Amino acid sequence: MSSLPKCPACSSEYTYEDGAMYVCPECAHEWPKAAAEDPEEDGHEAGREFRDANGNVLEDGDSVTVIKDLKVKGSSLVVKVGTKVRNIRLVDGDHDIDCKIDGIGAMKLKSAFVKKS
C-alpha cells in the first residue's frame, strides 16, 4: 500500500511524487510535499479561523444573526435581516456555514453576512 497522502482536492488515492510536489492524476491538482499534512477530522483545515462580519471567531454549534437581506438562489424566498440561525456547522469553501433556517430549510451562508449572537 502506498504511503503517499490522498489528494486534498478530490480525495483520490492515486497521487504520485513529481520532484518536490505531489500530483493527482484524476483532477490534476498539485501541492508541495511540505504542505502534505492531513486536515483535521472535523472537516476544516487545521488552524483556519472562521470570523463573522464583526471579526468574532465562529465555532461549530454557535448561533448567528443574519445582517443583510439574502436572496435564496433559484427561489423567490428571502432570508430577512435579523433572522437567527442556531447550531451552525463550519465547512471549507466559499460559503463556509452550513445551517438550517426555519421556514426555508438547509442553506449555506457566507460568514461575512452574519454576526455572532
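Structure: above.
First, a word on scope: everything that follows refers to the structure included in this document. Small disclaimer: the values here were computed from a predicted structure and weren't measured.

Topic: the pairing of strand S12 (residues 105-109)
- Across five bridges, the pairing between strand S11 (residues 97-101) and S12 is antiparallel. Within S12, the residue paired with Ile97 across the bridge is Leu109.

A closer look at the sheet that holds strand S13 (residues 114-116)
- Across the sheet, which stays open at both edges, the three strands sit in the order S9-S6-S13 with antiparallel pairing between neighbours. The sheet terminates laterally at strand S9 (84-85) and S13, the two strands that pair on one side only.

Notes on the pattern of salt bridges
- Within this structure, the stated rule accounts for seven salt bridges.
- What emerges from the salt-bridge pattern is a single network uniting Arg89, Asp98 and Lys108.

What to know about the sheet that holds strand S3 (residues 30-32)
- As summarised here, the arrangement of the three strands in space is S1-S2-S3, forming an open sheet in which the pairing is antiparallel. Among the strands making up the open sheet, the edge pair consists of strand S1 (16-18) and S3. Adjacent strand axes in the sheet meet at a mean angle of 35 degrees when their direction is disregarded.
- When strand S2 (residues 21-23) meets S3, the two strands line up antiparallel, connected through three bridges. Each residue of the ladder has a partner; that of Val23, found in S3, is Glu30.

How each quantity is defined
Residues numbered from 1 in each chain as written. Predicted model: local features only at pLDDT ≥ 70, side-chain atom pairs only at ≥ 80, totals over all residues. Heavy atoms only, no water. Pairing = 2+ DSSP bridges. Helix = DSSP H or I, 4+ residues; strand = E, 2+ residues; numbered from the N terminus. Salt bridge = Lys/Arg side-chain N within 4 Å of Asp/Glu carboxyl O. Axes fitted to C-alpha atoms, helices over the stretch in contact; angles between N-to-C directions.

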